[in-house]
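As a plain string of letters, each chain reads:
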Amino acid sequence: MNIDEHEHVIEVTDLRRVYGGGFEAVRGITFSVGRGEVFALLGTNGAGKTSTVELLEGLARPAGGRVRVLGCDPYAERAVVRPRTGVMLQEGGFPSELTVAETARMWAGCVSGARPPRDVLELVGLAGKADVRVKQLSGGERRRLDLALALLGDPEVLFLDEPTTGLDAEGRRDTWELVRGLRDAGTTVLLTTHYLEEAEGLADRLAILHEGRIAAAGTPAEVTAAQPARISFELPEGYFVGDLPPLAEMGVSGHEVDGRVVRLRTHQLQRAATRLLVWAEGAGVELGRLDVRAASLEEAFLGIAREAAGAAKTKEYAA
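Notes on the structure in this doc start here. Here the structure is a predicted model, which means the values were calculated and not measured.

### Section: the overall build of the chain
- Scanning the chain for helices and strands turns up 11 helices and 13 strands.
- Each principal axis of the C-alpha atoms in the chain carries an extent, and together these give about 75 × 50 × 40 Å.
- Out of the 319 residues in the chain, the part that is buried amounts to 45%.
- A separation threshold of at least 6 residues defines the contact pool for the chain, and within that pool the share at least 24 residues apart is 67%.
- Looking at charge distribution, the chain has the averaged site of its 37 positive side-chain charges lying 4 Å from that of its 47 negative ones.

See below:
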């Protein structure tokens with residue numbers, strides 16, 4: 001079954017997953033991913049990322065809701081979907097005595113229309129390790145091998161579960177460039193990651209999961225826009241927050257004071273920073289340790305975690 005290039009390659013509607021004992025790991029989530037798009041699923045441990053991806057890969061039947069990959073049910077129509085997808089699990093579990101080249105050739109024998117193994121090993125930077133046994137690879141090199149095998153079938157849809165765990169900074173950057181190249185060539189990529197910088201730099205859109213639900217979704221810019229920017233500085237002796245221009249007129253939505261250190265929160269960063277600096281110049285005041293910072297995905301992520309923790313405490317007290 002083919003779909004038009006303008007339609008969604010992945011469609012998830014009210015998806016649920018329940019494990020034995022009644023634990024609901026995925027609690028009715030809805031999202032879609034377009035062709036040639038990188039979509040990231042973020043969340044703390046236990047948020048439901050891997051549980052969701054396994055349903056998309058067709059490894060289990062949903063407890064409720066609907067999932068479609070390339071227009072098909074990935075569980076009921078696995079034979080149709082699987083040849084067109086690539087999967088990189090958190091851990092591959094390859095035979096340790098085989099060499100890298102032998103592992104790639106073995107895997108290529110299980111893949112329809114496999115690319116030449118040597119080409120894929122070159123693509124992930126493992127060509128020089130072709131004759132090395134898997135057990136002798138570093139953790140980062142094993143992750144590269146995981147990625148190579150996921151790419152053997154030249155997939156239309158690529159699932160990457162924590163793809164850069166164990167890689168050094170250079171390896172992580174190389175993997176990012178590879179993912180961007182795949183996206184530009186039309187491959188649809190869905191990834192989970194703990195690295196917020198990775199999601200911010202790679203993802204066209206993302207969703208942050210918390211306790212099996214989507215807490216925030218959109219482009220990285222849209223998700224971070226909900227969080228305030230921050231301005232922090234140290235006032236000299238003899239000056240206090242009350243000496244500043246009226247905070248509301250500066251566009252400041254909240255502030256904290258720790259000794260002489262002042263931290264301002266604002267959704268109007270340029271306005272607040274400009275008025276602060278004009279005031280300092282006019283008053284002849286030097287603002288020590290001045291730090292002006294736009295909202296980041298990390299702050300959005302931590303903000304969601306704090307709100308969830310606060311809600312949990314409220315429920316606990318109410319009980």
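### Structural notes on unusual backbone geometry
- Despite not being glycine, Asp 154 has its phi angle at roughly 50 degrees, a positive value.
- One can find Asp 154 in the loop between helix H5 (139–151) and strand E6 (157–161).
- For Arg 289, which is not glycine, the phi torsion reads 50 degrees and is therefore positive.
- In this fold, Arg 289 is placed in strand E13 (residues 288–293).

### Topic: the nonpolar core
- If you look at the biggest cluster of nonpolar residues, it comprises 41 residues, and the most contacted ones within it are Leu 42, Leu 145, Leu 151, Leu 160, Leu 206 and Ile 208.
- At six residues, H5 tops the list of elements feeding residues into this core.
- Apart from residues no more than four positions distant in its own chain, Leu 145 is found in contact with Phe 94, Val 100, Thr 103, Leu 121, Leu 126, Val 134 and Leu 137.
- In this structure, Val 12, Val 26, Val 157 and Ala 207 belong to the second largest nonpolar core, which totals 26 residues.

### Quick notes on the packing of aromatic side chains
- Enumeration over the complete set of coordinates arrives at two aromatic pairs.
- Centroid distance Phe 31 to Phe 39: 5.0 Å. Interplanar angle 10 degrees. Geometry classified as stacked.
- Residue class for Phe 31 comes out buried when judged on its relative accessible area of 8%.
- Ring centres of Tyr 239 and Trp 279 lie 6.3 Å apart, and the angle between their planes is 80 degrees; this geometry places the pair in the edge-to-face category. Of this pair, Tyr 239 sits in the loop between strand E10 (229–234) and helix H9 (247–250) while Trp 279 sits in helix H10 (residues 269–283), and the two are 40 residues apart along the sequence.
- We note Arg 172 situated over the ring of Tyr 195; from NZ or CZ to the ring centre the distance is 4.1 Å.

### Remarks on the packing of H5 against helix H6 (residues 169–184)
- As a packed pair, H5 and H6 sit with axes 12 Å apart at the nearest point and diverge in direction by 10 degrees. With respect to their mutual orientation, H5 and H6 come out roughly parallel. Residues Arg 144, Leu 147 and Leu 151 of H5 lie in contact with H6, whose contacting residues are Gly 171, Asp 174, Thr 175, Leu 178 and Leu 182.
- When its residues are assigned to classes, the contact of H5 with H6 shows four nonpolar, two polar and two charged.

### Considering the layout of surface pockets
- Considered as a void within the structure, the largest pocket measures approximately 450 Å³ in volume.
- Taken together, 22 residues line the largest pocket, and the ones lying closest to its centre are Arg 82, Val 87, Trp 107, Leu 149 and Ala 150.
- For the lining of the largest pocket, the secondary structure elements donating two or more residues are strand E5 (85–88), helix H3 (100–108) and H5.
- Here the residues of the lining of the largest pocket sort into 13 nonpolar, five polar and four charged.

Conventions adopted
Residues numbered from 1 in each chain as written. Predicted model: local features only at pLDDT ≥ 70, side-chain atom pairs only at ≥ 80, totals over all residues. Heavy atoms only, no water. Helix = DSSP H or I, 4+ residues; strand = E, 2+ residues; numbered from the N terminus. Buried < 20%, exposed > 50% of the residue type's maximum accessible area, 1.4 Å probe, protein only. Contact = heavy atoms within 4.5 Å. Lys, Arg positive; Asp, Glu negative; His and termini not counted. Charge placed at Lys NZ, Arg CZ, Asp CG, Glu CD. Core = buried A, V, L, I, M, F, W, Y, C linked by side-chain atoms within 4.5 Å. Phe/Tyr/Trp six-rings, centres within 6.5 Å; stacked < 30°, edge-to-face > 60°. Lys NZ or Arg CZ within 6 Å of the ring centre and 35° of its normal. Axes fitted to C-alpha atoms, helices over the stretch in contact; angles between N-to-C directions. Parallel < 35°, antiparallel > 145°, perpendicular 65-115°, else oblique. Nonpolar A, V, L, I, M, F, W, Y, C, P; charged D, E, K, R; others polar. 1 Å grid on protein atoms, 1.4 Å probe; cavity = no way out; pocket = protein on both sides within 12 Å on 5 of 7 lines; lining within 4 Å. Points joined across faces, edges and corners; volume = space filled by probe spheres on them.

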